[in-house]
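Chain residues, written in single-letter form:
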Amino acid sequence: MEQRIPTRMGDGSCAFMTRSEIRADVVAGVEAAVKRAKVAPLADAEIDHLVHIFASPARFSAVDLGDEVILSSDGVGSQEVGSRIDDLRFYEQVVCTDTVELYHMDYSYKPVKGVLPFEQATMRQAQLLLTLPCQYGAMPDLGLYTQPDGPVPNWSALLPEGRIDEAREAQREAVELAVEDIVHVAESMHAAGADGINLDTAGAAGDADFLASLLAVERLRARFPHWGIQIGMASEFVLGMHGELEFHGTRLAGLWPEAQMRLAAEAGVSVFGPAINVNTGKSVAWNTARAVTIVKPCADAATVPVHMNVGMGVGGVPMHPVTPVDAVSRASRACVDLLRLDGL
Amino acid sequence: MGGVRTAGDLVARVQMTKRLRLPEAKRYVAERLGCDPFELSDPVKMLDIRRDLGLGGLSHQDVTTVEDAVALGAKFGIAEVLDVPIPSVEQFARLVGDRLRRD
């Protein structure tokens, strides 16, 4: 009888599966990716490698010596122990990440604009005390520009009423406002000494949200030719909330990671981070296999560093606030081994 | 890669400023530091290299003395050795330069 191996589900719960069951899940995850994203399946050797990783009973998994990648960060620290600068210094000196990110608890560019001088002061102090790169991060978060939180009509309310033209016009207006806010905050943080800017969860509100991110990056790159500019996606697929928005002649609705990366590179990013959503009802082996299959064309075609989002709820890591290290290490190693990523 | 414990922060800077993929970024940094790319993730090797070149690193008393560059001081060395722009270094240099010119 096959031995049952401890593993995890996408919600973080522990599960015990045989090696055969793990292999079946890996194959099914690959098939799901092929069907959904219209990408090529993984080769047999790649599937074998995934099974090798997930069928191990070891507590921790890691890449080979010499194959280590960059660990870039979005908002480091919990902001609950000491100051935000303490968080940054802790992550530099104890956790030893490769970059850190200063962030505001209200993690969106629109609210940050209101407390910008305070963010600048903290960034300046941080830069005096840190050696490693410290960027500033927030989300484009286009939804914040809709009524009642913002000035433009709420397209989520207009669309179900069939008021398509008005919904589209509202999204275009929100894009313009968001780009101005992102550029203003980014320029201010550069003046404060930030090593880069991060547009986190780009595309969260659909194609208009992704367009705002791309347009902001394009302006910032023209202004700062050698600055760190990072885009991290919200999900695997750009939702067509508008449906007809384009960037450089490419329609944004329906884009998968490879096409997302190409446009982000054209806009001028330093780092691009695809995100593949986790299915909490499937095993981490299934989820990681699916994620790797979908991202592989992106990694193969990459013209800029690709730091795949491998964290809570993305990249195969369980959707749980206390992510178990056995699952995180396996998903991370699988992604790095098979995709030749530039970072996580 | 291990951040300031190794050369991870240095490779990250090169990725951010020069948009190099990881193998190229590692080769670039290794060449600038005078070591092999494999050694970039070796904390034992990198402790000596970083100290010799004034690139900062872990700052506790077991591995650092008051003679060693840390934080902003280390970033001056990093900017020079890697030939990368660092905004905080440029800003500080501008402030100090303004004062020196004034005095």
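Just so you know, these numbers come straight off a predicted model, no measurement behind them.

A. A look at the overall build of chain A. Secondary structure summary: chain A contains 11 helices and nine strands in total. Computed over C-alpha atoms, the radius of gyration of chain A comes to 20 Å, within 12% of the 20 Å expected from 2.2 N^0.38 for 344 residues, which places it in the range of a compact globule. Principal axes of the C-alpha set define a box for chain A whose edges measure 65 × 55 × 35 Å. Split into buried and exposed, the 344 residues of chain A put 55% on the buried side. Considering only contacts within chain A whose residues lie at least 6 apart along the sequence, 73% involve residues at least 24 apart.

B. Focus on the overall build of chain B. For chain B, the count of helices and strands is five helices and zero strands. For chain B, the N- to C-terminal ordering of α and β elements is α-α-α-α-α. Seen along its three principal axes, the alpha-carbon backbone of chain B occupies a region of about 45 × 35 × 20 Å. Residues counted as buried form 40% of the 103 residues belonging to chain B.

C. Spotlight on the nonpolar core. Core analysis: the largest hydrophobic core is formed by 134 residues, its most contacted members being Val-269 and Cys-335 of chain A together with Val-11 and Val-29 of chain B. Residue contacts for Val-29 of chain B: discarding those within four places in its chain leaves Ala-7, Leu-10, Val-11, Val-14, Leu-40 and Leu-82 of chain B.

D. Molecular detail of the packing of helix α1 (residues 19-37) of chain A against helix α10 (residues 284-301) of chain A. Residue and element names in this part refer to chain A. Taken N-terminus to C-terminus, the directions of α1 and α10 make an angle of 40°; their axes are 7 Å apart at the nearest point. For the element pair α1 / α10, the angle class is oblique. In the crossing of α1 with α10, the sense of the turn from one axis to the other is right-handed. Judged by residue contacts, Ile-22, Asp-25, Val-26, Ala-28, Gly-29, Val-30, Ala-32, Ala-33, Val-34 and Ala-37 of α1 engage Ala-285, Trp-286, Asn-287, Ala-289, Arg-290, Thr-293 and Ile-294 from α10.

E. The arrangement of the interface of chain B and chain A in detail. Each partner contributes to the interface: chain B provides 32 residues, whereas chain A provides 31 residues. At the level of elements, α1 (8-18), α4 (71-82) and α5 (87-102) of chain B are the ones that each hand at least two residues to the side of chain B that touches chain A. In terms of residues, the side of chain B that touches chain A owes the most to one element, α1 of chain B, which gives eight residues. Classifying every residue of the side of chain B that touches chain A by side-chain character gives 15 nonpolar, 11 polar and six charged.

F. Spatial organisation of the pairing of strand β1 (residues 4-8) of chain A. Residue and element names in this part refer to chain A. As paired strands, β1 and strand β2 (residues 14-18) are joined by five bridges and run antiparallel to one another. Pairing of Pro-6 across the sheet is with Phe-16, part of β2. Between β1 and β2, which pair antiparallel one after the other, the connecting turn spans five residues, and Gly-12 there sits at a positive phi close to 95°.

G. Spatial organisation of the environment of His-52 of chain A. As for its placement among the helices and strands, His-52 of chain A is situated in helix α2 (residues 44-54). Judged by local crowding, His-52 of chain A falls into the partly exposed class, with 14 C-beta atoms found within 10 Å.

H. Spatial organisation of the sheet that holds strand β6 (residues 228-233) of chain A. Residue and element names in this part refer to chain A. An order of β3-β4-β5-β6-β9 is seen for the five strands of this open sheet, with the pairing classed as parallel. Where the open sheet ends on each side, the last strands, each with one partner, are β3 (100-108) and β9 (271-273). Between one strand and the next, the sheet's axes are offset by a mean angle of 20°, whatever the strand orientation. Lying on the sheet, helix α3 (residues 84-95) is in contact with β3 and β4 (134-139); it crosses β3 at an angle near 140°.

I. Quick look at the environment of Val-69 of chain A. Here Val-69 of chain A shows up in the loop between α2 and α3. Judged by local crowding, Val-69 of chain A falls into the buried class, with 26 C-beta atoms found within 10 Å. On a C-alpha basis, the gap between Val-69 of chain A and Pro-117 of chain A in space is 34 Å, while along the polypeptide they are 48 residues apart. In contact with Val-69 of chain A, not counting residues within four places along its chain, are Val-336, Leu-341, Asp-342, Gly-343 and Leu-344 of chain A together with Met-1 and Leu-22 of chain B.

J. Local environment of the confidence of the model for chain B. Per-residue pLDDT for chain B averages 93, and the proportion of residues at 70 or more is 96%. Interface predicted TM-score (ipTM) for the complex: 0.93; the corresponding pTM is 0.94.

K. Fine view of unusual backbone geometry. Each neighbour pair has its own omega, and for Gln-147 of chain A with Pro-148 of chain A the value is 10°, a cis peptide bond. Here Pro-148 of chain A shows up in the loop between β4 and α6 (155-158). Not every positive phi belongs to a glycine, and Ala-71 of chain B is a case in point at roughly 50°. Examined against the element boundaries, Ala-71 of chain B turns out to sit in helix α4. The class of Ala-71 of chain B is partly exposed, set by 18 C-beta atoms lying within 10 Å. The backbone of Asp-83 of chain B shows a phi angle near 55°, a positive value even though the residue is not glycine. Considering the arrangement of structural elements, one finds Asp-83 of chain B in the loop between α4 and α5. Classification of Asp-83 of chain B as exposed rests on a count of 12 C-beta atoms within 10 Å.

What counts as what
Residues numbered from 1 in each chain as written. Chains lettered and ligands numbered in written order. Predicted model: local features only at pLDDT ≥ 70, side-chain atom pairs only at ≥ 80, totals over all residues. Helix = DSSP H or I, 4+ residues; strand = E, 2+ residues; numbered from the N terminus. Rg over C-alpha atoms; globule rule 2.2 N^0.38 Å. Buried ≥ 20, exposed ≤ 12 C-beta atoms within 10 Å, placed from the backbone. Contact = placed C-beta atoms within 7 Å. Core = buried A, V, L, I, M, F, W, Y, C linked by C-beta atoms within 7 Å. Axes fitted to C-alpha atoms, helices over the stretch in contact; angles between N-to-C directions. Parallel < 35°, antiparallel > 145°, perpendicular 65-115°, else oblique. Left-handed = near helix turned anticlockwise from the far one by under 90°. Nonpolar A, V, L, I, M, F, W, Y, C, P; charged D, E, K, R; others polar. Pairing = 2+ DSSP bridges. pLDDT = per-residue confidence, 0-100.

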